[in-house]
Amino acid sequence: MYHVGVHELVRFFESARFKECPCEDGVGLVISGDFGGAKLGEETTDAAPSLSPSILRSVAAASSAGEGTEAPPRRRLAASSSAQPPPLSRPPAASSSSVQQRLRSTSRNSVQKLRSTSRSSVQLKLRPRSAPRGFSVQANPILSPMVSKLTVAAPYEAENQIEVSLRQAFELLEPSLRPPFSLAIPKPDEYAQLNRAILHGVLTEPHFAKTHIKHLHALVTDGYAIFINLLVKIVHHLYPKLLAPVKNQLLWVTDKMVRVSGIGFDALLVSLFRQIVGGDFSDGNLWLCMKLVTLFLDKWQCFLEEAPHVLSSALYVFLRVLADHCRQNFEKLESLRRLEINLCVKIVREEFHLCLKIGRDFIRLLQDLVHVPEFKAILNDMVLNPSQFNTSGFVGVSQIYCTRTSSRYVLLRIIPEMETQLRFLLTHVKLGHQKRHQMWFARKFLNDPNKETVIVDIVRFVCCAHHPPNEIIQSDVIPRWAVIGWLLKSCRTNYVQANVKLALFYDWLFFDEKMDNIMNIEPAILLMVHSIPQYVDITNTLLEFLLRLLDNYDVEHKGVIVKGVSSAFMLLTSKGVIQSPDVLISCPALSPFLKEGLSRLLSDVKLGSSKPTMATS
């Protein structure tokens, strides 16, 4: 069943071509024209349109005008029986001009009636072979009476079970999704099935989306928890494969769930954040950024009252995304950049206490945007005038330095598919057999030079969010430091390489054994030590970068940084991650200048030797 707007049907009647057609009952009618992609007038009996009774009566009257003319040979219909019926006689046919004149008059009257009708939808039913003879329709495959799909997939890919369950629920309950709705209270299993059916209808029937949402509002009993949970699953598992109209509906219904403060809408927004691909300037990715930043600006008060923690996630995401957008001069980025800057500045200036929840990575992201005047002013105020932010308990930048960033923020910049492949690589692939997996990964996620910046996010993910158990550490699975070494050598530009090194050492600078996790600093030291035999240039580069950070990263807080790096070396040695710093200091392949700097750093720190043991998270 197709639901067609009145004006759409009017345009069809105005442009349709009418002609007589001999058939079993006499003179029939063939309407040929284009109705929303359906070509009318082909010789097929698969389906036929059901027109108003007044039109059919006029057609019958026109076809019965005149008598005495012998019937032409009967046209065999595809749906007719193979048995030959007895010959039929019919009255003489009216002239072609007479038929067409009456039909035109009838169609004009019908058009006028349709125009006077309200703008409610008109139903055009495609009936099977019981439709009046002489009418035929060839339906466009796009408009075939099948339930629309959510995703586009390769022929060899199995259908996703989430999509299958939604479609089956819609097919089963479609009659009950049309007004008038049942007043009966559904049972729990029926309620869950109704949620699936309504969600499929919202995503695939934009013209009925408002009706479906009203239906959902009328029957909801769980605060929209089941409905939003289904949305989260679709975003997490299906978003990259969703059709463009479905994505548009997905963001539309997300807005509706925010309006009603549905249970779990914060998780839905976090899932959408994770679908923003770093370094991707395609129209689809920029569209998603625009939709989300607009949603947060429009619903600012709602987020502030119902889910302020989501504003922290939004700040982390858009600060990171802005760093990519500000390095490009595309005209299409200008309006998006301005909206992202407005949102981030609004959060920092008006709700600074939410920024403190992010931790030290908040400073790292801000420093990447120091060339933007708004963020340069924010950094200056944080250092020179912290009282400007009206946040009790905030005394300065050192307070943020001492707060470790939670892994949930780091995960915001890793899309789910990338996370799955990284965890597989670091859990199942053996050292020495990783090359083809790395090639597949690079071909899929690092194939564009602009996407190189996502390596920074991957390194933070490996250091802060993927902590393997001792069983994996003691096995022959590729270790984290080896993956980071490969990523470091994949960097093409000095700017990205410097940011990757900073991401690797950032927790070293402010390390506190009481607050931080040794697993965050383990990959850097193991990469330096294990690179000495074959890749000593990596060791030299990393050690030089670390020593330069001590002197240049933040001169005002140099004491804090020296203490953090010294504490890191002390804990790594006491836990047996390395036997002693002498493995670096006494290495003949390292630069004497670097060895001297490291010796000077550790001269006042007593580092004991202990039997090597495996690090634990």
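Everything below is about the structure printed above this text.
Residues numbered from 1 in each chain as written. Predicted model: local features only at pLDDT ≥ 70, side-chain atom pairs only at ≥ 80, totals over all residues. Heavy atoms only, no water.

## Quick word on the overall build of the protein
Consideration 1: In terms of helices and strands, the protein carries 29 helices and 8 strands.
Consideration 2: Out of the 617 residues belonging to the protein, those deemed buried represent 50%.
Consideration 3: Long-range contacts, defined as pairs at least 24 residues apart, comprise 75% of the intrachain contacts of the protein with a sequence gap of at least 6. (Helix = DSSP H or I, 4+ residues; strand = E, 2+ residues; numbered from the N terminus. Buried < 20%, exposed > 50% of the residue type's maximum accessible area, 1.4 Å probe, protein only. Contact = heavy atoms within 4.5 Å.)

## A word on the environment of Phe 265
Consideration 1: One can find Phe 265 in helix α9 (residues 265-273).
Consideration 2: Sequence spacing of Phe 265 and Ile 228 is 37 residues, and the spatial spacing of their C-alpha atoms is 6.6 Å.
Consideration 3: Setting aside anything within four residues of it in sequence, one finds Phe 265 in contact with Ile 228, Met 257, Val 258, Phe 303, Glu 306 and Ala 307.

## Quick look at the packing of aromatic side chains
Consideration 1: Under the defined criterion, the tally for this structure stands at 19 aromatic pairs.
Consideration 2: A centroid spacing of 5.6 Å and a plane angle of 85 degrees characterise the contact between Phe 281 and Phe 330, whose relative ring orientation is edge-to-face. Here Phe 330 lies in the loop between α12 (308-325) and α13 (334-350) and Phe 281 lies in the loop between α9 and α10 (283-298), a separation of 49 residues in the sequence.
Consideration 3: Residue class for Phe 281 comes out buried when judged on its relative accessible area of 10%.
Consideration 4: Since its relative accessible area comes to 34%, Phe 330 is described here as partly exposed.
Consideration 5: Judged by centre distance (6.5 Å) and plane angle (50 degrees), the rings of Tyr 401 and Tyr 553 are tilted. With Tyr 401 in helix α17 (residues 397-401) and Tyr 553 in the loop between α26 (536-552) and α27 (558-574), this pair connects stretches of sequence that are 152 residues apart.
Consideration 6: Accessibility expressed as a relative area gives 1% for Tyr 401, which makes it buried.
Consideration 7: The exposure class assigned to Tyr 553 is buried, which follows from its relative accessible area of 16%.
Consideration 8: Members of the aromatic cluster, each reached through a chain of ring pairs, are Phe 265, Phe 273, Phe 296, Phe 303 and Phe 318.
Consideration 9: Above the ring of Trp 300, the side-chain terminus of Lys 346 is found at 4.8 Å from the ring centroid.
Consideration 10: Residue placement shows Arg 408 over the ring face of Tyr 409; its charged tip is 4.4 Å from the ring centre. (Phe/Tyr/Trp six-rings, centres within 6.5 Å; stacked < 30°, edge-to-face > 60°. Lys NZ or Arg CZ within 6 Å of the ring centre and 35° of its normal.)

## Digging into the nonpolar core
Consideration 1: One finds Phe 362, Phe 375, Trp 508 and Ile 525 to be the most contacted residues of the largest nonpolar core, which totals 170 residues.
Consideration 2: Trp 508 has contacts with Ile 521, Ala 524, Ile 525, Leu 546, Gly 564, Val 565, Ala 568, Phe 569 and Leu 572, leaving out every residue within four places of it along the chain. (Core = buried A, V, L, I, M, F, W, Y, C linked by side-chain atoms within 4.5 Å.)

## Concerning the packing of helix α8 (residues 244-259) against α10
Consideration 1: One can describe the packing of α8 onto α10 by two numbers: an axis separation of 11 Å at closest approach and a directional angle of 15 degrees. If you check the angle between α8 and α10, you find them roughly parallel. As α8 packs across α10, the resulting crossing turns out to be right-handed. Contacts between α8 and α10 involve Lys 247, Asn 248, Leu 251, Thr 254, Asp 255 and Val 258 from the first element and Trp 287, Leu 288, Lys 291, Leu 292 and Leu 295 from the second. (Axes fitted to C-alpha atoms, helices over the stretch in contact; angles between N-to-C directions. Parallel < 35°, antiparallel > 145°, perpendicular 65-115°, else oblique. Left-handed = near helix turned anticlockwise from the far one by under 90°.)

## Topic: the pattern of salt bridges
Consideration 1: One pass over the structure, following the stated rule, counts 27 salt bridges.
Consideration 2: For Glu 159, the salt bridge is made with Arg 167, and the minimal N-O distance between the two is 2.6 Å.
Consideration 3: Relative accessible area serves as the criterion here: at 37%, Glu 159 is assigned to the partly exposed category.
Consideration 4: For Arg 167, a relative accessible area of 16% corresponds to the buried category.
Consideration 5: Two residues, Glu 374 and Arg 338, come together in a salt bridge whose shortest N-O distance is 3.2 Å. Taken together, the residues Glu 374 in helix α16 (residues 373-384) and Arg 338 in helix α13 connect sequence positions 36 residues apart.
Consideration 6: Judged by relative accessible area, Glu 374 falls into the partly exposed class, the value being 27%.
Consideration 7: Here the salt bridges share partners, and the residues they tie into one network are Arg 360, Asp 361, Arg 364, Arg 460, Asp 507 and Asp 516. (Salt bridge = Lys/Arg side-chain N within 4 Å of Asp/Glu carboxyl O.)

## Overview of helix α6 (residues 209-219)
Consideration 1: If you check which residues of α6 are buried, you get Ala 209, His 212, Ile 213, His 215, Leu 216 and Leu 219. Angularly, the buried residues of α6 cover 155 degrees about the axis, an arc narrow enough to put them on a single face. Facing away from the buried side of α6 by more than 90 degrees, the exposed set consists of Lys 210, Lys 214 and Ala 218.
Consideration 2: Where α6 is buried, its residues touch α5 (188-204), α7 (225-238) and α8. (Arc of directions from axis to C-beta.)

## Some thoughts on the side chain of Gln 249
Consideration 1: The residue Gln 249 is located in helix α8 in this model.
Consideration 2: The class of Gln 249 is buried, set by a relative accessible area of 7%.
Consideration 3: A polar side-chain atom of Gln 249 sits 2.9 Å from the main-chain carbonyl oxygen of Val 202.
Consideration 4: The residues touching Gln 249, leaving out its near neighbours within four places in the chain, are Val 202, Leu 203, Pro 206 and Ala 209. (Polar contact = N/O pair within 3.5 Å; in protein donor to acceptor, adjacent residues only side chain to side chain.)

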